[in-house]
Amino acid sequence: MAKKKNQSAFFCQNCGTQSPKWLGKCPQCQEWNTYVEEIIAKEDTKLPKGFSKSKINKPTLINNINHINEKRLVTEDQELNRVLGGGIVPGSLILLGGDPGIGKSTLLLQFALSKTSHRILYVSGEESEKQIKMRAERINKNSKNCYVLTETLTQNIFQQIEQLEPNILIIDS
């Protein structure tokens with residue numbers, strides 16, 4: 001039996017539109033030279049750490065859910081805390097959106113460098129390690145617990161997450 005080859009697809013870094021081939025101009029967002037190739041590996045039947053095939057979530061009546069006050073991770077930015085309802089809820093997923101150049105990456109890096117008591121993995125799909133380091137120097141922040149990974153292949157990102165086991169994961173584009 002022949003071995004299955006990995007396939008690739010092209011994704012617009014600006015809006016996420018997928019194409020089977022490289023395009024100079026994205027038909028969705030009209031931006032030029034934003035397509036990058038991503039290898040799509042054959043599906044691995046091994047489940048990620050902490051997942052089980054035997055545990056299937058089922059609906060729960062809302063009145064039967066025990067409510068306890070979740071301890072939130074408070075940031076140094078009071079406005080960010082306010083927008084997040086008092087800070088970050090452990091285990092939550094937060095999507096930060098906005099126009100290009102508005103400061104999303106800077107805000108995320110400021111947060112990552114301010115949480116010195118947590119192991120943080122900052123993954124960037126657009127900027128190099130040097131660019132991220134230069135931004136950190138501009139905002140005058142440093143941390144011994146902030147790791148930077150420049151990667152676009154999700155399989156490689158998941159591998160690094162399993163090895164490092166960060167308390168907080170930031171994925172920037």
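Residues numbered from 1 in each chain as written. Predicted model: local features only at pLDDT ≥ 70, side-chain atom pairs only at ≥ 80, totals over all residues. Heavy atoms only, no water.

A tally of regular secondary structure across the protein gives four helices and six strands. Secondary structure of the protein in N-to-C order comes out as β-β-β-α-α-β-α-β-α-β. If you take every contact in the protein between residues at least 6 apart in sequence, the share linking residues at least 24 apart comes to 56%. For the protein, the accessible surface area stands at approximately 13400 Å², while carbon and sulfur atoms represent 51% of it. (Helix = DSSP H or I, 4+ residues; strand = E, 2+ residues; numbered from the N terminus. Contact = heavy atoms within 4.5 Å. Areas by Shrake-Rupley, 256 points an atom, 1.4 Å probe, with all protein chains shown as cover.)

With that settled, consider the sheet that holds strand 3 (residues 35-40). An order of 2-1-3 is seen for the three strands of this open sheet, with the pairing classed as antiparallel. In this open sheet, the two edge strands, each paired with only one partner strand, are strand 2 (18-19) and strand 3. In terms of strand pairing, strand 1 (residues 7-12) meets strand 2 through two bridges, oriented antiparallel. Bridging from a neighbouring strand, Phe-11 pairs with Gln-18 of strand 2. (Pairing = 2+ DSSP bridges.)

Another aspect to go through is unusual backbone geometry. At Gln-30, a residue that is not glycine, the phi angle is positive and equals roughly 70°. Relative to the elements of secondary structure, Gln-30 occurs in the loop between strand 2 and strand 3. The exposure class assigned to Gln-30 is partly exposed, which follows from its relative accessible area of 42%. (Buried < 20%, exposed > 50% of the residue type's maximum accessible area, 1.4 Å probe, protein only.)

This part takes up the nonpolar core. Counting residues in each nonpolar core, the largest one holds 15 residues, and the members touching the most others are Leu-109, Phe-111, Ala-112, Leu-113, Tyr-122, Ile-168 and Ile-170. Put simply, the parts of the chain that give this core at least two residues each are helix 2 (104-114), strand 4 (120-124), helix 3 (129-138) and strand 6 (168-172). Residue contributions to this core peak at five residues, all from helix 2. For Phe-111, the contacting residues outside a window of four places in its chain are Leu-73, Thr-75, Ile-88, Ile-120, Ile-168 and Ile-170. (Core = buried A, V, L, I, M, F, W, Y, C linked by side-chain atoms within 4.5 Å.)

Here we come to the pairing of strand 5 (residues 146-150). Summarising the sheet, strand 4 and strand 5 pair through five bridges and their orientation is parallel. Note that in strand 5 the partner of Ile-120 across the bridge is Cys-146. For the crossover that starts at strand 4, traverses helix 3 and ends in the parallel strand 5, the hand is right-handed. (Right-handed = clockwise from strand over helix to strand, strands pointing away.)

Attention shifts here to the sheet that holds strand 5. Either a parallel or an antiparallel arrangement is found when strands of a sheet pair, and the pairing is made through backbone hydrogen bonds. Ordered by their spatial adjacency, three strands build an open sheet running 5-4-6, and the pairing between neighbours is parallel. With one partner strand each, in any of the chains shown, strand 5 and strand 6 form the two edges of the open sheet. Here the average twist between neighbouring strands, direction ignored, is 15°. Pairing of strand 4 with strand 6 involves five bridges; the strand directions are parallel. Of the residues in strand 6, the one forming a bridge with Tyr-122 is Ile-170. Docked against the sheet, helix 3 engages strand 4 and strand 5, running at close to 145° with respect to strand 5. (Axes fitted to C-alpha atoms, helices over the stretch in contact; angles between N-to-C directions.)

Honestly, that's just the spatial picture; any functional story needs more than this.
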